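An overview of the molecular structure
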Amino acid sequence: MVSETSSKSERKGLRRVVAASMAGTVVEWYEFFLYATAATLVFNKIFFPDNGNDLDNIIKAFLTYAVGFIARPIGGIVFGHFGDKYGRKHLLQVAIVLVGATTFLMGCLPTFDAVGYAAPIMLVILRFLQGFAVGGEWGGAVLLVAEHAPNKERGFWASWPQAAVPVGNLLATVVLLLLSSTLSDEAFLAWGWRVGFWLSVVIVIVGYYIRTRVSDAPIFKEAKAELEQNAAAGYGVGEVFKRYPRGVFTAMGLRFGENIMYYMVVTFSITYMATQLKMVTSTILGLMLIAHVIHAILVPLVGRFTDTRGRRPVYGTGVILMMVWGVVAFPMFNTANYGIILAAIVLGLAVHALMYAGQPAIMAEMFPTRMRYSGVSLGYQVTSIVAGSMAPIIATWLLKVYGSWVPVAGYIVFAALVTLLAVFFMRETKGMDLSAIDEADRLSTNGEAEAAKHLKMQK
């Protein structure tokens with residue numbers, strides 16, 4: 001009876017941790033995706049001079065979007081360093097406040113017509129700070145759950161923060177859809193888009209409160225106490241590269257194709273529908289809204305599947321299907337049939353879920369607790385500079401130069417091949433005990449410390 005009560009209490013506590021992790025992730029991705037959508041629909045029109053070419057200004061807007069991705073690994077390194085030292089919870093609270101403040105200020109920015117080039121400069125500065133905060137958010141959010149989760153169910157529980165990404169995107173899409181549908185185009189461009197950015201304050205307050213109700217996992221507290229007593233056991237980016245380079249580079253490779261896939265589906269497809277198919281904003285956002293709902297449902301289902309079938313086969317299947325999607329999606333878009341276009345978007349996000357859902361568990365199982373925040377943040381965020389940040393820019397440039405979707409499909413296939421190579425080198429870690437990883441790391445570290453001590457005595 002006591003065991004059953006304890007089990008129920010542990011489940012309740014785990015659900016509270018999941019809610020805290022998801023609350024902040026929903027907030028930050030609401031704001032991040034709000035920017036992505038606004039870059040295509042609004043920023044290209046109000047923050048840059050009109051030169052008569054829609055694709056040129058969209059590329060400029062995407063360049064400001066890319067700044068956030070450049071900032072993300074910096075945020076990951078800084079937050080990872082202090083998160084490994086002081087704890088996941090405290091750094092997550094800082095991240096949610098910072099991203100909320102920068103997003104609110106974006107909604108207050110003057111336009112190009114009002115202040116000239118000062119407008120895009122201020123936009124870039126705020127975008128950098130936003131990306132810095134988001135870069136620190138992901139590692140802490142997924143580890144807060146992964147380190148609390150049972151070994152045999154880590155894939156499922158740790159996938160819930162991933163599901164918060166499409167939920168955040170869904171909220172951003174709903175807000176923009178309501179605003180663009182109820183306001184005239186002139187009113188939406190003049191002030192309507194700002195409301196979505198200002199509303200972030202409400203979500204930040206809720207998310208911050210929920211995060212005050214949880215604590216770091218026992219395994220982290222043990223690692224923290226050991227770090228304080230053992231000077232030989234370091235942490236941070238340098239230590240990760242020194243001891244676990246294979247984990248870092250494998251994580252980067254796994255992330256490459258997945259990250260490109262996501263932004264091709266949720267960002268570039270909006271550009272394609274708007275510029276090539278001439279679809280109206282409300283219709284595009286309506287299709288994306290449905291797709292985000294399905295994506296959010298699929299992610300934890302796939303997370304459960306990685307616990308039963310394994311991390312590698314599920315991820316590998318997603319990579320192979322990514323190549324197929326790159327070839328079949330654009331002919332589906334070109335039918336101009338809304339049902340077929342929706343199917344192309346949903347299929348793309350389903351393929352993405354096969355890779356994305358298992359990432360928190362996979363990356364958490366690559367590193368010991370004392371450097372796990374730094375390791376997963378580095379592997380996850382650095383890749384975004386050359387993957388997700390550049391994907392919409394490269395795809396839009398290819399479309400502009402060649403006037404065809406075929407080179408864009410080739411780009412997607414190339415990205416998938418890079419990630420397929422990473423899957424080949426990836427170790428299967430389904431059901432791995434995080435304490436066993438820490439013990440192996442401890443023996444390795446102590447062995448080196450003893451050897452160094454012995455050499456010093458010989459001198």
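1. Notes on the overall build of the chain
- Across its full length, the chain holds 21 helices and zero strands.
- What you see for the chain is a C-alpha radius of gyration of 22 Å, in line with the 23 Å of a compact globule of 459 residues.
- Principal axes of the C-alpha set define a box for the chain whose edges measure 75 × 60 × 40 Å.
- Split into buried and exposed, the 459 residues of the chain put 58% on the buried side.
- Put simply, 86% of the contacts in the chain that link residues at least 6 apart link residues at least 24 apart.
- Put simply, the chain shows about 17,900 Å² of open surface, and 68% of that area lies on carbon and sulfur atoms.
- Charge separation in the chain, taken as the distance between the mean sites of 37 positive and 29 negative side-chain charges, equals 3 Å.

2. Overview of a positive patch on the surface
- A cluster of basic residues, K12, R15, R16 and R213, forms a positive patch at the surface.
- Within the secondary structure layout, R16 lies in helix α1 (residues 2–46).

3. Brief notes about the side chain of E365
- Structurally, E365 can be placed in the loop between α16 (359–364) and α17 (372–381).
- Beyond its immediate chain neighbours, meaning those up to four positions away, E365 contacts R154, R311, T429, K430, M432, L434 and I437.

4. As for the environment of G286
- Tracing the chain through its elements places G286 in helix α13 (residues 281–309).
- Given a relative accessible area of 21%, G286 falls into the partly exposed group.
- For the pair G286 and L342, spaced 56 residues apart in the sequence, the C-alpha separation amounts to 9.6 Å.

5. Remarks on the side chain of S384
- In this structure, S384 sits in helix α18 (residues 383–386).
- Here the side chain of S384 touches Q381 through a polar contact of 2.5 Å, landing on its backbone oxygen.

6. Quick notes on unusual backbone geometry
- Although it is not a glycine, K278 sits at a positive phi angle of roughly 55 degrees.
- Phi is positive for A336, which is not a glycine, with a value near 65 degrees.
- Tracing the sequence through the fold places A336 in the loop between α14 (311–333) and α15 (338–356).
- Since its relative accessible area comes to 48%, A336 is described here as partly exposed.

7. Some words on α15
- For α15, spanning 19 residues, the distance from its first C-alpha to its last is 26 Å, which sits close to the expected 27 Å at 1.5 Å a residue.
- Structurally, the start of α15 carries an N-cap: the backbone nitrogen of G339 is 2.9 Å from a side-chain oxygen of N337.

8. Topic: the packing of α13 against α14
- Contact pair α13 / α14: the axes reach a minimum separation of 7 Å and the direction vectors enclose 130 degrees. With respect to their mutual orientation, α13 and α14 come out oblique. Every residue of α14 that contacts α13 at V302, F305, T306, D307 and R309 is listed here: R311, P313 and V314.
- In terms of residue class, the contact of α13 with α14 is made up of four nonpolar, one polar and three charged.

9. Describing empty space enclosed by the protein
- Applying the stated criterion across every chain yields a total of three cavities of 30 Å³ or more.
- For the second largest cavity, the full set of lining residues is W29, R72, V165, R255, E258, N259, Y262, Y263, H352, Y356 and Y380.
- Take the lining of the second largest cavity: its biggest share by element is five residues, from helix α12 (residues 245–275).
- Looking at the lining of the second largest cavity residue by residue, the classes come out as six nonpolar, two polar and three charged.

10. Observations concerning the packing of aromatic side chains
- This structure, assessed with the given rule, holds 20 aromatic pairs.
- Pairing F156 with W160 gives two aromatic rings, centres 6.0 Å apart and planes at 85 degrees, and the pair type is edge-to-face.
- Relative accessible area serves as the criterion here: at 13%, F156 is assigned to the buried category.
- The interplanar angle of 80 degrees and the centroid separation of 6.4 Å between the aromatic rings of Y244 and F367 together place this pair among those described as edge-to-face. In this pair, Y244 is assigned in the loop between α11 (237–243) and α12 and F367 in the loop between α16 and α17, connecting sequence segments 123 residues apart.
- For R255, the ring lying beneath its charged end belongs to Y380, and the centroid distance is 3.4 Å.
- Above the face of the F156 ring, R304 is positioned so that its terminal group lies 3.9 Å from the ring centre.

11. Remarks on the pattern of salt bridges
- Taken as a whole and judged by the stated rule, the model has 11 salt bridges.
- A salt bridge links E439 to R442; its shortest N-O distance comes to 2.3 Å. In this pair, E439 and R442 are both assigned in helix α21 (residues 434–458), three residues apart and thus about one turn of the helix distant.
- Residue classification places E439 among the partly exposed residues on the basis of a relative accessible area of 36%.
- Here the salt bridges share partners, and the residues they tie into one network are D84, R88, E147 and R372.

12. Here's the deal with the nonpolar core
- If you look at the biggest cluster of nonpolar residues, it comprises 128 residues, and the most contacted ones within it are F43, F47, M264, M273, F333 and I345.
- Here this core takes 18 residues from α1, the largest share from any one element.
- Setting aside anything within four residues of it in sequence, one finds F43 in contact with Y35, A38, F48, A61, L123, W193 and F197.
- Core analysis: the next-biggest nonpolar cluster, separate from the first, contains seven residues, V299, V314, L354 and A357 among them.

Calculation rules
Residues numbered from 1 in each chain as written. Predicted model: local features only at pLDDT ≥ 70, side-chain atom pairs only at ≥ 80, totals over all residues. Heavy atoms only, no water. Helix = DSSP H or I, 4+ residues; strand = E, 2+ residues; numbered from the N terminus. Rg over C-alpha atoms; globule rule 2.2 N^0.38 Å. Buried < 20%, exposed > 50% of the residue type's maximum accessible area, 1.4 Å probe, protein only. Contact = heavy atoms within 4.5 Å. Areas by Shrake-Rupley, 256 points an atom, 1.4 Å probe, with all protein chains shown as cover. Lys, Arg positive; Asp, Glu negative; His and termini not counted. Charge placed at Lys NZ, Arg CZ, Asp CG, Glu CD. Patch = residues over 30% accessible without salt bridge, like charges linked within 9 Å, V, L, I, M, F, W, Y side chains within 5 Å. Salt bridge = Lys/Arg side-chain N within 4 Å of Asp/Glu carboxyl O. Polar contact = N/O pair within 3.5 Å; in protein donor to acceptor, adjacent residues only side chain to side chain. Expected span 1.5 Å × (residues − 1). Axes fitted to C-alpha atoms, helices over the stretch in contact; angles between N-to-C directions. Parallel < 35°, antiparallel > 145°, perpendicular 65-115°, else oblique. Nonpolar A, V, L, I, M, F, W, Y, C, P; charged D, E, K, R; others polar. 1 Å grid on protein atoms, 1.4 Å probe; cavity = no way out; pocket = protein on both sides within 12 Å on 5 of 7 lines; lining within 4 Å. Points joined across faces, edges and corners; volume = space filled by probe spheres on them. Phe/Tyr/Trp six-rings, centres within 6.5 Å; stacked < 30°, edge-to-face > 60°. Lys NZ or Arg CZ within 6 Å of the ring centre and 35° of its normal. Core = buried A, V, L, I, M, F, W, Y, C linked by side-chain atoms within 4.5 Å.

Read these as spatial facts, not as claims about activity.
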